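Residue-level structural notes
So you can see what is in the structure, the chains are spelled out below.
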Amino acid sequence: MNRPTSGAPPTDRQGAHSRILIVDYGSQFTQLIARRIREARVYCEIHPPGRSEAWLRRWRPAGVVLSGGPSSVYDPDVPGLDPGLLRLGVPILGICYGMQLLARQRGGAVVPGRREYGRARMRIAEGAGDDLFHGFDPGEELAVWCSHGDHVDEPPPGFETTAATRDLPVAAFRSKSRRLHGVQFHPEVAHTPRGAEILDNFLFRICQCRADWTASAFVDEAVGRIRETAGDAQVICGLSGGVDSSVAAALVHRAVGDALTCIFVDTGLLRSGERERVERTFREHMRIRLVVVDAAAEFLGELEGVSDPETKRRIIGGTFIRVFERTARELGTNARFLVQGTLYPDVIESHSVQGPSATIKTHHNVGGLPEEMPFDLIEPLRELFKDEVRGVGRTLELDETFIRRHPFPGPGLAIRVLGQVTAERLRTLRRADAIFTEEIEGAGIYDEIWQALAVLLPVRSVGVMGDGRSYENVIALRAVTSQDGMTADWYPFEHRFLARVSTRIINEVAGVNRVTYDISSKPPATIEWE
Ligand code: XMP
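In this text the structure is predicted, and so the values were computed from the model without any measurement.

1. A short note on the overall build of the protein
Check the secondary structure of the protein and you find 16 helices and 20 strands. For 530 residues, the compact-globule estimate of 2.2 N^0.38 gives 24 Å, and the protein sits close to it at 26 Å. Residues counted as buried form 55% of the 530 residues belonging to the protein. Long-range pairs, those at least 24 residues apart, make up 76% of the contacts in the protein with a sequence separation of at least 6. Within the structure as shown, the protein displays about 23100 Å² of accessible surface, and the carbon and sulfur contribution to it stands at 48%. One finds the centroid of the 64 positive side-chain charges in the protein at a distance of 1 Å from the centroid of its 71 negative side-chain charges.

2. Quick look at helix α6 (residues 195-206)
When the terminal C-alpha atoms of α6 are compared, their 15 Å separation across twelve residues agrees well with the 16 Å that a helix rising 1.5 Å per residue should span. For α6, the complete set of buried residues consists of Gly 195, Ile 198, Leu 199, Asn 201, Phe 202, Leu 203 and Ile 206. Residues of α6 that are buried in the fold lie against β1 (19-23), α2 (30-39), β3 (63-66), β4 (92-95), β7 (141-148) and β11 (180-183). Positioned one or two residues after α6, Gln 208 has a phi angle of 55 degrees, which is positive.

3. Considering the environment of Ala 423
Positionally, Ala 423 belongs in helix α15 (residues 423-442). Using a relative accessible area of 34% as the deciding quantity, one classes Ala 423 as partly exposed. Once the C-alpha coordinates of Ala 423 and Ala 297 are considered, the two residues, 126 residues apart in sequence, prove to be 9.4 Å apart.

4. Examining the state of the cysteines
Summed over all chains, the structure comprises zero disulfides. Left without a disulfide partner, Cys 209 is nearest to the cysteine sulfur of Cys 207, which lies 5.0 Å away. With no disulfide of its own, Cys 237 lies closest to Cys 262 among cysteine sulfurs, the gap being 4.3 Å. When its relative accessible area of 1% is taken as the criterion, Cys 237 is described as buried.

5. A word on the packing of helix α8 (residues 243-256) against helix α13 (residues 386-395)
Taken N-terminus to C-terminus, the directions of α8 and α13 make an angle of 45 degrees; their axes are 10 Å apart at the nearest point. Accordingly, the angle class assigned to the pair α8 and α13 is oblique. Crossing angle aside, the handedness with which α8 passes α13 is left-handed. Across the interface between the two elements, Val 243, Asp 244, Val 247, Leu 251 and Arg 254 from α8 touch Lys 386, Val 389, Arg 390, Val 392, Gly 393 and Thr 395 from α13.

6. Describing the packing of helix α10 (residues 296-303) against helix α11 (residues 309-331)
Where α10 contacts α11, the two axes come as close as 10 Å, and the packing angle between them is 150 degrees. Our classification of the angle between α10 and α11 gives roughly antiparallel. Classified by chirality, the crossing of α11 by α10 is right-handed. Facing α10, whose interface residues are Glu 298, Phe 299, Glu 302 and Leu 303, α11 presents Lys 312, Ile 315, Ile 316, Thr 319, Phe 320, Arg 322, Val 323 and Arg 326.

7. Considerations on the environment of Gly 463
As for its position among the elements, Gly 463 is in strand β17 (residues 451-465). Taking C-alpha positions, Gly 463 is 6.3 Å from Asn 513, a pair spaced 50 residues apart along the chain. In this structure, Gly 463 is in contact with Gly 468, Arg 469, Ser 470 and Asn 513, ignoring residues within four places of it in sequence.

8. Some remarks on the nonpolar core
Core analysis: the biggest nonpolar cluster contains 92 residues, and Leu 251, Ile 475, Phe 493 and Ile 505 have the highest contact counts within it. Considering each element in turn, this core owes the most residues, nine residues, to α8. In this structure Leu 251 touches Phe 218, Val 219, Ala 222, Val 223, Ile 226, Pro 380, Leu 381, Val 392 and Leu 396, once residues within four positions along its chain are discounted. Within the second largest apolar cluster, 39 residues are counted, among which are Ile 20, Leu 132, Val 183 and Ile 198.

9. Examining the packing of aromatic side chains
Taken as a whole and judged by the stated rule, the model has 15 aromatic pairs. For the ring pair Trp 55 and Trp 59, a centre distance of 6.0 Å and an interplane angle of 20 degrees mean the geometry is stacked. In this pair, Trp 55 and Trp 59 are both assigned in helix α3 (residues 53-59), four residues apart and thus about one turn of the helix distant. For Trp 59, a relative accessible area of 1% corresponds to the buried category. Relative to Phe 324, the ring of Phe 320 lies with its centre 5.9 Å away and its plane at 20 degrees, an arrangement referred to as stacked. Taken together, the residues Phe 320 and Phe 324, both in helix α11 and four residues apart, mark about one turn of the helix. For the pair Phe 320 and Phe 324, a shared accessibility class is recorded, and that class is buried.

10. Thoughts on the sheet that holds strand β13 (residues 260-266)
Spatially, the five strands line up as an open sheet ordered β14-β13-β12-β15-β16, and their pairing is parallel. The sheet is open, and its two edges are formed by β14 (289-294) and β16 (376-378), each paired on a single side. Strand-to-strand twist across the sheet, computed as the mean angle between neighbouring axes with direction ignored, equals 30 degrees. Relative to β16, strand β15 (residues 337-339) runs parallel, the two being bridged by three bridges. What sits directly across from Leu 338, in β16, is Leu 377.

11. Examining the pairing of β17
In the sheet, β17 pairs with strand β18 (residues 468-481) via twelve bridges, with the strands oriented antiparallel. Across the sheet, residue Ser 461 finds its bridge partner in β18, namely Glu 472. If you look at the hairpin formed by β17 and β18, you'll find two residues sitting between the two strands, and Gly 466 has a positive phi there, around 60 degrees.

Parameters and conventions
Residues numbered from 1 in each chain as written. Predicted model: local features only at pLDDT ≥ 70, side-chain atom pairs only at ≥ 80, totals over all residues. Heavy atoms only, no water. Helix = DSSP H or I, 4+ residues; strand = E, 2+ residues; numbered from the N terminus. Rg over C-alpha atoms; globule rule 2.2 N^0.38 Å. Buried < 20%, exposed > 50% of the residue type's maximum accessible area, 1.4 Å probe, protein only. Contact = heavy atoms within 4.5 Å. Areas by Shrake-Rupley, 256 points an atom, 1.4 Å probe, with all protein chains shown as cover. Lys, Arg positive; Asp, Glu negative; His and termini not counted. Charge placed at Lys NZ, Arg CZ, Asp CG, Glu CD. Expected span 1.5 Å × (residues − 1). Disulfide = S-S within 2.5 Å. Axes fitted to C-alpha atoms, helices over the stretch in contact; angles between N-to-C directions. Parallel < 35°, antiparallel > 145°, perpendicular 65-115°, else oblique. Left-handed = near helix turned anticlockwise from the far one by under 90°. Core = buried A, V, L, I, M, F, W, Y, C linked by side-chain atoms within 4.5 Å. Phe/Tyr/Trp six-rings, centres within 6.5 Å; stacked < 30°, edge-to-face > 60°. Pairing = 2+ DSSP bridges.

Right, here's the structure in full:
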């Protein structure tokens with residue numbers, strides 16, 4: 001299977017855009033830098049340090065951002081500043097550790113210090129309001145957010161200090177002639193309220209970028225690229241009904257039309273009406289050839305008697321692959337390409353200087369297929385963040401129900417029926433989940449919530465119903481707000497709302513006599529219960 005490598009040089013089409021290279025030194029905010037730059041409609045990519053000079057020249061960045069990172073420039077074996085970057089002669093912005101690397105490399109003084117986090121008041125130096133701090137008054141106090149151990153005490157020769165805080169004599173510096181800039185604070189975080197203006201100044205004043213990275217430009221280019229790749233060959237796509245695979249399918253459909261066949265596997269672990277909704281929307285709006293496979297019995301059979309969450313995930317992943325392969329074979333389309341909705345965060349994670357993060361849960365996306373499949377991959381969303389995927393979906397006029405949709409895990413309700421999964425327990429959960437979703441939609445708060453779900457607990461509780469004692473199931477409700485699913489907080493429903501949902505579930509779902517609301521944040525909890 002041919003995977004595009006992360007270090008691939010740009011295609012001609014991408015190369016026509018202004019491009020910013022972000023060198024990742026392991027900061028937890030590196031993705032945020034990329035998001036801010038993309039929000040300014042400038043194309044950027046994150047790469048680890050150590051790219052060759054030839055690679056850098058081929059990549060042709062209009063500017064480079066050096067991220068922060070957990071290291072100290074004094075530690076042994078820390079990632080350094082590639083001299084090839086400086087030889088490119090393009091503007092560079094070093095953030096935090098990136099600034100310290102620049103300072104050290106150019107002969108400035110970096111002093112070790114204790115770790116400091118939090119807000120600081122920064123004053124911009126006289127005469128420094130013409131490039132990075134354009135639009136700011138010299139002498140103006142600015143709220144900035146810092147998180148660092150070491151700091152720069154003295155700018156390198158030929159550099160001038162452009163801002164300071166009470167504790168940081170050099171909160172920002174520059175070499176105007178060489179267009180090298182450093183900031184000790186983090187302009188990419190929301191806690192630096194005017195950070196976006198500073199990044200815009202870097203992009204547009206200093207690097208002279210064009211703001212040409214738009215969803216419609218992306219669609220035009222992606223369609224062209226997919227056509228070139230696929231030629232006359234047949235293409236298949238595993239559709240989950242979620243936003244990523246739907247947008248990927250719509251994009252590929254625009255490129256290759258009827259050569260695309262989508263396969264939707266009904267695992268029997270879907271929510272109420274989900275299969276019908278996906279089918280209807282696809283047939284009505286997209287006119288894409290869609291094959292729906294009912295494999296519910298097969299999945300339930302495989303899951304029988306299994307209660308360990310990771311075993312469930314593995315079984316579901318394996319069964320999915322088997323069903324998918326079998327269906328593809330039976331279709332006899334002789335497909336050469338397989339579409340996957342891989343997003344940029346998945347790509348970055350596996351190439352960060354810190355390496356892939358520890359496995360907390362094995363996230364098998366429905367569509368996570370094995371290496372030895374006889375297909376080449378088409379991953380048209382590899383460069384995009386989730387919000388950009390939604391933008392592309394809107395440009396493609398995808399039905400809004402797909403675009404707004406909360407994320408739904410590949411293993412579906414199997415990881416929300418805690419313990420053993422049976423048809424009956426799935427039915428109970430499905431009903432409760434439908435009521436919860438319906439009430440959220442009815443209250444007009446669906447879009448404020450990252451994800452809302454009902455969980456069927458593996459305990460029973462005592463209750464009274466009518467004049468008798470009951471001993472029945474417990475449903476836990478969970479709703480969270482989040483930017484990216486990595487961290488999350490519970491959603492503060494009004495009490496009246498919770499009361500209504502609880503009453504409805506207990507009255508309308510047979511076998512449930514108690515409802516609880518989960519008020520844990522992630523971390524330390526996770527979004528799903530298993
Ligand atoms: P957690 O529970 O780890 O979930 O906080 C973070 C996000 O990932 C989704 N999730 C999964 N998605 N396969 C998936 O495709 C999985 O096994 C899986 N487990 C969790 C979860 O719904 C949330 O959006």
